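Each chain, written out:
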Amino acid sequence: MKIYHVSAECYPIAKVGGLADVVGSLPKYQKSSTIVSQVVMPFYNNDFRRNNKFSVLHESKITIGDSDFECRILTLKNNNLGFDLFLVDVPKLLFKDFVYSNNDTIRFLAFQIGFLDWMLTQNEKPSIIHCHDHHTGLIPFMMTQSYKYQSLKNIPTVLTIHNAQYQGWFSHDIINVIPEFNFAKVGLLDWGGVINPLAAAIKCAWRVTTVSPSYMEELKIKANGLENLLNHESKKCVGILNGIDTEVWNPENDSYIVKNYKSSTIQSGKKTNKKWLCKHFNLDEKKPMVAFIGRLVGEKGSDLFPVSFRNILKEKSCTILLLGSGHKEIEDELKALKPNFIREYNVFIGYDEKLSHIIYAGADFLLMPSRVEPCGLNQMYSLRYGTVPIVRNVGGLKDTITDIDQIGGFGICHERTTVQQIVDAVGRSIKLFNDDPKFKKIRKKIMSIDHSWSASANEYIKLYKSLK
Ligand code: ADP
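Model, not experiment: these values are computed from the prediction.

What counts and how
- Each chain has its residues counted from 1, running along the sequence as written.
- Restriction of local features to residues with pLDDT of at least 70 applies here, the model being predicted, together with a cutoff of 80 or more for giving and counting side-chain atom pairs; totals for whole chains, interfaces and linings are based on all residues.
- Heavy atoms throughout the structure, all of them, feed into the side-chain values; hydrogens and water do not.
- Neighbouring residues are identified by heavy atoms, a residue being near a molecule or strand if any of them is within 4 Å of it.
- By the criterion applied in these results, polar contacts are pairs of N or O atoms within 3.5 Å in which, for protein atoms, one can donate a hydrogen and the other can accept it, and in which residues neighboring in sequence qualify only through two side-chain atoms.
- Here the open area of atoms and residues is found with the Shrake-Rupley method and a 1.4 Å probe, where only the protein chains shown may cover a residue.
- Numbering of helices and strands runs from the N terminus; a helix is a DSSP stretch of H or I covering at least four residues, while a strand is a stretch of E covering at least two.
- Under the convention adopted here, Pro, Cys and the residues Ala, Val, Leu, Ile, Met, Phe, Trp and Tyr are nonpolar, Asp, Glu, Lys and Arg are charged, and Gly plus all remaining residues are polar.
- Where each domain begins and ends follows an automated or database-derived domain assignment.
- Here, strands pair whenever DSSP counts at least two bridges between them.
- Whether a crossover is right-handed comes down to one check: with the strands pointing away from the viewer, does the path from the first strand over the helix to the second run clockwise; if it does, it is right-handed.
- Every residue pair with non-hydrogen atoms within 4.5 Å of one another is taken to be in contact.
- Think of a nonpolar core as a cluster: buried Ala, Val, Leu, Ile, Met, Phe, Trp, Tyr and Cys residues, connected wherever their side-chain atoms sit within 4.5 Å.
- Note on exposure labels: buried denotes an accessible area under 20% of the residue type's maximum, exposed denotes more than 50%, and partly exposed covers the range between, all computed with a 1.4 Å probe on protein chains only.
- Note on method: axes are straight lines fitted to C-alpha atoms, helices fitted across the in-contact stretch only, with angles between N-to-C directions ranging 0 to 180 degrees.

Novice: Even after reading the chapter, I still don't get the site of the ligand, so can you show me in this structure?
Specialist: Lys15, Gly18, Asp21, Arg295 and Tyr360 are the nearest of the 19 residues found near the ligand. Within the side chain of Arg295, an N or O atom sits 2.8 Å from an oxygen atom of the ligand. The protein chains hide 93% of the 570 Å² of surface that the ligand would expose on its own. For the shell around the ligand, the secondary structure elements donating two or more residues are helix 1 (18–23), strand 12 (289–296), strand 13 (319–326), helix 12 (353–362) and helix 13 (378–384). Ranked by the residues each element gives to the shell around the ligand, the list is headed by strand 12, at 3 residues. Of the residues belonging to the shell around the ligand, the class tally is 6 nonpolar, 8 polar and 5 charged. Both domains that furnish three or more residues to the shell around the ligand are identified here as domain 1 (2–243 + 453–466) and domain 2 (263–447).

Listed below in structure tokens is the structure:
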């Protein structure tokens with residue numbers, strides 16, 4: 001069985017969020033003596049490009065509307081990623097030093113057309129084409145409706161929705177950019193009067209998955225306009241919980257962190273990492289440290305941070321450290337808090353992979369009061385590093401974290417994304433921290449919870465097999 005994962009992001013090549021982590025790990029865990037699982041993504045002008053060597057597999061011209069563009073398929077020389085990687089290089093459109101911008105319609109269409117044109121040249125066709133998010137959402141439509149790709153129409157396609165907020169909408173005015181198709185089928189592209197690549201994929205893919213079972217159910221109620229469509233297509237929809245790459249995220253040999261540790265050395269290991277963070281960010285190391293890592297957007301509840309943090313920090317009973325970037329207003333408000341809470345609060349605005357690992361290792365608690373959380377990987381990384389998650393009961397957070405007051409519980413959960421509930425949840429975490437024997441026991445316990453890909457990678461394979 002030969003599977004192509006087609007995605008805009010893949011760790012460690014280009015990462016913006018969880019999509020990269022999933023596409024960079026799932027193929028490793030799907031691989032077996034009978035399964036080849038590979039990744040296709042755009043060729044970006046980033047550090048990975050500068051630090052690696054590539055060879056050209058295929059060269060062609062792709063047509064978008066009335067224009068032709070050079071296109072090459074590259075592969076990595078000396079690949080030690082654990083899966084085969086193919087890069088679609090459309091120099092004029094895709095080769096940028098960023099992944100996303102405000103205007104990506106033609107860029108990602110070029111990626112999809114470059115990929116499908118290359119598929120047409122393959123003697124051995126793939127068994128499955130697995131598309132991730134709206135950036136690859138026109139592939140199932142083009143494979144079944146565009147005249148040019150008719151020889152691919154019997155290849156099963158799977159769409160995974162990592163985030164339904166973003167749908168890739170564009171106007172019918174530029175419909176001619178999509179390779180010619182029977183116009184009677186234009187309705188498959190449309191949702192609400194515009195072309196909606198995510199909706200088109202939900203309609204045309206053979207199966208649709210979301211990254212956790214709860215998120216699937218939540219989307220049927222609220223999906224940024226797609227709820228009726230998901231209800232209508234519910235027979236082909238299923239939620240499969242993401243796993244984590246336990247090789248990359250392993251406190252025992254993580255080369256990013258200050259001191260490695262395992263369950264039996266957790267106290268001294270976490271202490272050394274926390275000490276480094278406290279020194280670096282001028283925080284009081286005796287107090288419990290609550291951290292946040294992520295995008296500073298409404299979905300993550302981060303617009304409520306400035307007010308919540310003011311309330312929490314006036315008690316002076318914990319420290320808060322934040323790593324993230326996003327809405328400028330939230331970033332500015334969070335930076336402005338700093339002088340008020342020296343030794344108790346700090347924020348690093350930006351993206352820093354190494355720092356994120358040290359925070360998972362050194363913090364005592366990880367805060368995730370998300371309004372929407374399709375799966376959430378941070379809470380699973382934090383468990384693996386013995387950091388107790390504080391989460392809102394939503395999406396994948398609901399599927400992975402049980403409150404300490406429940407039987408077998410190990411996290412701190414709250415029901416709604418409000419200032420009061422964030423403040424109360426952090427209050428509960430401080431109480432837990434002060435109950436030293438209980439806190440130590442929970443820390444050790446969470447390190448042994450298995451969120452590796454083994455179960456979920458198999459669920460995907462079962463799903464692929466059901467399509468043959
Ligand atoms: P998202 O909705 O952003 O995809 P996920 O929880 O699925 O959220 O995945 C987020 C991933 O991105 C995690 O690996 C997290 O550590 C990482 N991440 C998010 N923001 C930052 C940042 N500012 N610096 C480093 N890593 C980050």
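Novice: What's the story with the pairing of strand 14 (residues 345–349) in this structure? I'm lost.
Specialist: Each regular strand shows side chains that alternate between the opposite faces of the sheet. When strand 13 meets strand 14, the two strands line up parallel, connected through 5 bridges. Bridge pairing links Leu323 to Phe348 in strand 14. Crossover handedness for the path strand 13 to helix 11 (residues 328–336) to strand 14: right-handed.

Novice: It is not clear to me how the side chain of Asp117 should be interpreted in this structure. Could you clarify?
Specialist: Along the chain, Asp117 turns up in helix 4 (residues 105–120). Not counting residues up to four positions away in its chain, the partners in contact with Asp117 are Lys61, Ile62, Lys148 and Tyr149.

Novice: What is the right way to read the nonpolar core from this model?
Specialist: Nonpolar side chains in soluble globular proteins tend to be buried together. One finds Phe309, Leu334, Tyr345, Ile359 and Phe365 to be the most contacted residues of the largest nonpolar core, which totals 83 residues. Each of domain 1 (2–243 + 453–466) and domain 2 (263–447) gives at least three residues to this core. One finds Met41, Trp118, Phe141 and Ile175 within the second-largest nonpolar core, a separate group that totals 78 residues.

Novice: Help me understand the sheet that holds strand 15 (residues 365–368), please; the structure alone is not making it clear to me.
Specialist: By way of backbone hydrogen bonds, the strands of a sheet pair with one another, either parallel or antiparallel. Spatially, the 6 strands line up as an open sheet ordered 14-13-12-15-16-17, and their pairing is parallel. One side of each edge strand has no neighbouring strand; the edge strands of this open sheet are strand 14 and strand 17 (412–414). Geometrically, the sheet is characterised by an average inter-axis angle of 15° between neighbouring strands, direction not taken into account. Helix 10 (residues 305–313) contacts strand 12, strand 13, strand 14 and strand 15 of the sheet and is inclined by roughly 170° relative to strand 13.

Novice: Which parts of the structure should I look at to understand the pairing of strand 6 (residues 128–132)?
Specialist: With 5 of 5 residues buried, strand 6 is to be regarded as a mostly interior element. Burial along strand 6 is two-sided: the residues Ile128, His130 and His132 and Ile129 and Cys131 are all buried. Sheet topology places strand 1 (residues 2–6) next to strand 6; 4 bridges connect them, and they run parallel. Note that in strand 6 the partner of Ile3 across the bridge is Ile128. Pairing of strand 6 with strand 7 (residues 157–161) involves 4 bridges; the strand directions are parallel. Its bridge partner lying in strand 7, His132 is registered against Thr160. Since strand 6 and strand 7 lie parallel, the crossover through helix 5 (residues 139–145) that links them has a hand, and here it is right-handed.

Novice: What should I look at first to understand the environment of Arg443 in this one?
Specialist: Inspection of the secondary structure assignment puts Arg443 in helix 16 (residues 436–447). Residues Arg443 and Phe410, spaced 33 residues apart in sequence, show a C-alpha to C-alpha distance of 8.3 Å. Residue contacts for Arg443: discarding those within four places in its chain leaves Ile266, Gln267, Lys270, Asp364 and Gly386. Within the structure, the side chain of Arg443 is placed 3.0 Å from the side chain of Gln267, a separation counted as a polar contact.

Novice: Quick question: what am I supposed to make of unusual backbone geometry here?
Specialist: Most peptide bonds adopt trans geometry, and most residues besides glycine take a negative phi value. Of note, the bond from Tyr11 into Pro12 is cis; its omega dihedral lies within 30 degrees of zero at 5°. Relative to the helices and strands, Pro12 is located in the loop between strand 1 and helix 1. Phi at Asn282 takes a positive value of approximately 55°, unusual for a residue other than glycine. In this fold, Asn282 is placed in the loop between helix 9 (266–281) and strand 12. Despite not being glycine, Lys316 shows a phi value in the positive range, around 55°. Note that Lys316 resides in the loop between helix 10 and strand 13.

Note that every value here comes from positions in space, so none of it alone points to a role or purpose.
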